[in-house]
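Here is what each chain is made of, one letter per residue.
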Amino acid sequence: MINELHGLAIILKDKGISYKGWHRKYKLIPKVTGRAPCIRIWIAPSGAICNYESVNAELAKSLRKYGNNQGTFPAFNIVPLYRITDESLISDLEKLKKGKEKLDLEKIRSWCKEDNWQGRIINKINRCLTDIPRNLLKIIKASEQNQDDIISELIHLILNFSKEPSVSFRKSLESCVFSKLKNHEDIDISLSLLFHIGDAQKKPEEDLGTSLSVILDVQNWKRYGYPVASIHTTAWLNDKLLAEVPPNLDFNGGKDAFGTMFVNPNEPMPGVKLSGFEVILRSMFNGQPCQYRYEKIDDDSYPIAAENRSLIKKSLEWIADSEREGITWRKVDKNEIVFVYPSKLPKVPPKFASIFGSNSTNNSAHMESRFEKIAEEFIKTFNGIPTKEKPGSIRIFTIRKIDKARSKIIFSYNTTPEELVLAAESWARGCHNIPIAEFGECIIPFPLQIARIVNNIWKRNGEVAQGKNSVERMKYYQGMELLLDILKKSTIKNFLHILLNNSSGLLNHVGNWVHRCTECNDKKNEKNLLGQKQESALILSVFGLLLYKCNERKESYMESMAYLVGQLLHISDELHALYCKVVRNDDFPPQLAGSALFVTAGETPNLAISQLSVRMTPYIAWSKQYRYKNIEEKGIESWRAGWYLNLFEMTANGLAQIISEVIRFNDFEKAQLFIGYLASFPKRETTIETTKTNENDTIGG
C-alpha cells in the first residue's frame, strides 16, 4: 500500500496539487442513522447543559473528533444514565416510547435507581472532559496568539466542571433531560439518554448498553459566526492541528525506505477513513514473531519518515475523495475498494475506475448500454487529452479489509491507457460471443460483477442457494485480471467449470419456463422470472467471454455437436409445449421433454439423444397432422408445428454429420450445450412449404 501511494504522492507533487488532508488524530464521528443518532449537547455560558438535539445525518458526515481510543473531544461516546431490568418497568417504558402512556415525571424518577455509569465509562468520560480538551487547548493557543475562538470557549466551559467532571456533567445532563420531559420535548432522545434496557442475567459492569454519540457545542455560538458542530469550525480546527510543531526528536543519521532522513516519530502509522472502513497505512505490531527473525521490529522493519507518512496519508485521502468516485476509485463491496490513478493527471481525467463497474445487480437490464456508454466515454475523453498531458501508465490496486484491525493490498497492476481501451473493446466482443438468446439481448457485465456471477450457486427451482457467507471461488479483483488478460488459461478454464456447476440449475429452470411461451400467473412470479432471465443473460455473456478468452468463437462452436444437441433440446421443449397447449388445454408437466434431459445431455450426450428420440416420437407424429389445420389463434398457430419439424430436421441432419461416440462433454462443450439450449431459433421464413407426406414419414427421411 505504501509503495502504491508513494508513487501517487510524487505525481501530485509534480502536478502542484496540494491536498491539505486531515490530522491523524482528527477522525470522523460514527455514521448517523435513525437507530444510531448523534446528539448535540448545548453548553450555556454558566457552564450548565441547557439543551440537546439530534444532529442532521448529512452534517454529521463532515464532523470530526480529536483524540484516540482513550478519549476524544468535542465529540465522544456516553451510555444511558440508568439501567433497568425489571420486566414491568421495561414494559412501561416501551409504552411510553410508543405514546401509549402519559408522561409521569415522578414515576420516571422512581425508575432511576441503578446507576449505569460504571468504572471504565466514568474514566473515559473524565478523560474526554479534562485531558483531551487541555491538550487541544495548548495546541490552539500555540498558534492562535490570544485570539478568541469557539473551541477554546467550549473547553473553558467544560473545564469549569468539578474535579470529577463525569459527576457534574452527568448531573447537569440529567437535569436537562427531566426539563425536556417536563416540556414534552424530544421524548425519544430523552428516554434514550436516561435508560438502558439491560439483561438481568448479566453483571451491571458488563451490560452498559449501546454507546450514544454526543458532540458538545456552545449556546452563544453566533458571536463566532459558526457553531462547533459545523463544517467551518471542523476545518478550522484541522488547520490548527496540522500547524502543530512536533517535539524535537533525535536524528540517528539513517534514512527511510524512500531515502528521506529518518527521525523515528515513535507513533503508529496514520489511518484513513475510506468509504465503509478505515485502513492503517501499515501495521507494525511487535507481537508478531516474524518481526524478530531479522531483528527488525516496528519502524525498523520498514522505516518511513514523518514527512513521507504525511504525504502518503494525504495521497490516499485525495484519491479516495468522494468527488473522485468513478474516476480514481470504485467500491467493490463493503470491505473492498479498487483504486486507479494515471502517471499524469490531465485537466479532464477519464473515468478510469468506472470501466470496472461494481458488483451491484442494480439496473442489470441496462447493463449493456451502460458498459458500452462508459467505455465509449472513456475512449472519447482519453483521445481528447492533449499529447503532452496523456499519461503513459495507469496504476490499479485494490485494498481489502481483512479484519477489524488489518487491511491489505490484494491486487496491484500497472497498465497503459491504450491497453485498457483495447481490453474494454475485447471485453465487449467476448460478451457478444454468443448467439441471440431466447429471452432477450445480450447483457454485458462489468469486470467487478464477474465474481458474483461465477460464485452464485443456483437451485433447480431458480433460487440462489448461497447461505449467510457466500462462497468466493472467484475473487472480485480476478474480474479485472480477466479484463486485462493477465489470467492464466488454466484459471479461466477453472472459472468456466465453476460457473457450469453453479448455474446449471438456473439455466435449466429458466429454459423450461421460457420454452413454454406462457405468461406467469401472478406478478410475484413474473418479477422473479424477470430477475432470473436477467441473471441467465449475464451468465450466458460470461460463458461467451470465457470461451472467447480461450479462442472458442461462436462462428465455429455453433456448428459443434454440443451446441446442436442444446438446440435439439430447445426445439423438443417448444414442440412439447405446443402439444400441451393444444391437446392438454395448457396442462404442462413439471418438465418439458428437452428440459428433462438437460443434465443427462451434459454427462452422456449420446444416451440423451437416444432417449429424446423415443420421447419425442408421439409429439412429432402429432405435429405432422396438426401443421395442416390452418389454425391462426395466437400461441397455437398450426404453422408452428411445421416450423418446429423443419428445425428438428435441419438440426438433426447437421448433427448426423458430426455426431461422435463421445462419452461425456468437456467443460467447453457443456458451455456450448447450455448456450445452444437457450439460444433463439433462426427466424421463421415468411412462407413455409408444407407438402403432405404419408404418416410413416420420419424427420430427415
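So, a few notes on the structure that sits alongside this text. What you see is a predicted model, and the numbers here were worked out from it, not measured in a lab. (Residues numbered from 1 in each chain as written. Predicted model: local features only at pLDDT ≥ 70, side-chain atom pairs only at ≥ 80, totals over all residues. Heavy atoms only, no water.)

## Some thoughts on the pattern of salt bridges
Where side chains of opposite charge bring their charged atoms close, a pairing between them can arise.
Then, in step 1: Following the criterion strictly, the structure yields 26 salt bridges and no others.
Then, in step 2: Arg-400 serves as the salt-bridge partner of Asp-333, at 3.3 Å between the closest nitrogen and oxygen. Residue Asp-333 is located in strand E12 (residues 329-333), and its partner Arg-400 is located in strand E14 (residues 394-401); the two are separated by 67 residues in the primary sequence.
Then, in step 3: Owing to a relative accessible area of 17%, Asp-333 belongs among the buried residues under this scheme.
Then, in step 4: Between Arg-400 and Glu-336 there is a salt bridge; the shortest N-O distance is 2.7 Å. Of the two residues, Arg-400 is situated in strand E14 and Glu-336 in strand E13 (residues 336-342); the sequence distance between them amounts to 64 residues.
Then, in step 5: The exposure class assigned to Arg-400 is buried, which follows from its relative accessible area of 18%.
Then, in step 6: For Glu-336, a relative accessible area of 3% translates into the label buried.
Then, in step 7: Within the structure, one salt-bridge network assembled from shared partners comprises Arg-40, Glu-53 and Asp-217. (Salt bridge = Lys/Arg side-chain N within 4 Å of Asp/Glu carboxyl O. Helix = DSSP H or I, 4+ residues; strand = E, 2+ residues; numbered from the N terminus. Buried < 20%, exposed > 50% of the residue type's maximum accessible area, 1.4 Å probe, protein only.)

## Regarding the pairing of strand E15 (residues 407-415)
Residues in a regular strand project their side chains so that they alternate between the two faces of the sheet.
Then, in step 1: Pairing of E14 with E15, which is carried by 8 bridges, proceeds in the antiparallel orientation. Within E15, the residue paired with Ile-396 across the bridge is Tyr-413.
Then, in step 2: In sequence, E14 turns back onto E15 through a hairpin of 5 residues. (Pairing = 2+ DSSP bridges.)

## A look at the pairing of strand E9 (residues 212-218)
Then, in step 1: Buried residues dominate E9, accounting for 7 of its 7 residues.
Then, in step 2: Burial along E9 is two-sided: the face carrying Leu-212, Val-214, Leu-216 and Val-218 and the face carrying Ser-213, Ile-215 and Asp-217 are both buried.
Then, in step 3: The pairing of strand E2 (residues 38-43) with E9 spans 6 bridges and is classified as parallel. Note on E9: the bridge partner recorded for Cys-38 is Ser-213.
Then, in step 4: Pairing geometry for strand E6 (residues 75-78) and E9, over 4 bridges, is antiparallel. Opposite Phe-76, over in E9, you have Val-214 as the bridge partner.

## Re the packing of aromatic side chains
Then, in step 1: Inspection of the entire model under this criterion finds 19 aromatic pairs.
Then, in step 2: Ring centres 6.2 Å apart and planes at 55 degrees place the aromatic pair Phe-76 and Phe-169 in the tilted group. Of this pair, Phe-76 sits in strand E6 while Phe-169 sits in helix H8 (residues 165-182), and the two are 93 residues apart along the sequence. Each member of the pair, Phe-76 as well as Phe-169, carries the same accessibility label: buried.
Then, in step 3: Aromatic rings pair up to connect Phe-543, Phe-598, Phe-674 and Tyr-677 into one cluster.
Then, in step 4: The lysine or arginine in question, Arg-170, covers the ring of Trp-117, its NZ or CZ lying 5.6 Å from the ring centre.
Then, in step 5: It is Lys-390 that lies over the ring of Phe-382; its NZ or CZ is 4.9 Å from the centre. (Phe/Tyr/Trp six-rings, centres within 6.5 Å; stacked < 30°, edge-to-face > 60°. Lys NZ or Arg CZ within 6 Å of the ring centre and 35° of its normal.)

## Here we look at the sheet that holds E9
Each strand in a sheet pairs with another by means of backbone hydrogen bonds, the pair being arranged parallel or else antiparallel.
Then, in step 1: An order of E3-E2-E9-E6 is seen for the 4 strands of this open sheet, with the pairing classed as mixed. The two strands at the open ends of the sheet, each matched to only one other strand, are strand E3 (49-54) and E6. Strand-to-strand, the axes of this sheet are offset by a mean angle of 30 degrees, without reference to chain direction.
Then, in step 2: Its contacts with the sheet put H8 on E2, E3, E6 and E9, and the angle it makes with E3 is roughly 70 degrees.
Then, in step 3: Contacting E2, E3, E6 and E9, helix H9 (residues 187-194) runs over the sheet at an angle of about 110 degrees to E3. (Axes fitted to C-alpha atoms, helices over the stretch in contact; angles between N-to-C directions. Contact = heavy atoms within 4.5 Å.)

## Focus: the side chain of Asp-217
Then, in step 1: Tracing the chain through its elements places Asp-217 in strand E9.
Then, in step 2: The exposure class of Asp-217 is buried, given its relative accessible area of 0%.
Then, in step 3: A distance of 3.0 Å separates a polar atom in the side chain of Asp-217 from the backbone nitrogen of Ala-229.
Then, in step 4: Excluding its chain neighbours within four sequence positions, the residues that come into contact with Asp-217 are Arg-40, Ile-41, Trp-42, Ile-43, Ile-150, Leu-154, Pro-227, Val-228 and Ala-229. (Polar contact = N/O pair within 3.5 Å; in protein donor to acceptor, adjacent residues only side chain to side chain.)

## Here's the deal with the environment of Val-583
Then, in step 1: Tracing the backbone shows Val-583 in the loop between helix H19 (561-582) and helix H20 (593-596).
Then, in step 2: Relative accessible area serves as the criterion here: at 38%, Val-583 is assigned to the partly exposed category.
Then, in step 3: As for Val-583 and Trp-622, which are separated by 39 residues in sequence, their C-alpha atoms are 9.7 Å apart.

## Here we look at the nonpolar core
Then, in step 1: Phe-356, Ile-396, Trp-427 and Phe-543 are the most contacted members of the largest nonpolar core, which has 105 residues in total.
Then, in step 2: No other element matches H19, which puts 11 residues into this core.
Then, in step 3: Filtering out sequence-adjacent residues up to four positions away, Phe-356 remains in contact with Val-340, Ile-396, Leu-420, Phe-446, Pro-447, Leu-448, Met-480 and Leu-483.
Then, in step 4: Counting residues in each nonpolar core, the second largest holds 56 residues, with Ile-43, Tyr-82, Ile-139 and Ile-150 among its members. (Core = buried A, V, L, I, M, F, W, Y, C linked by side-chain atoms within 4.5 Å.)

## Looking at helix H7 (residues 150-159)
Then, in step 1: Of all 10 residues making up H7, 8 are buried, and the element is well covered by its neighbours.
Then, in step 2: Among the residues of H7, those classed as buried are Ile-150, Ile-151, Ser-152, Glu-153, Leu-154, Ile-155, Leu-157 and Ile-158.
Then, in step 3: Sitting at the amino-terminal end of H7 is Asp-149, which places a side-chain oxygen 3.2 Å from the backbone nitrogen of Ile-151.

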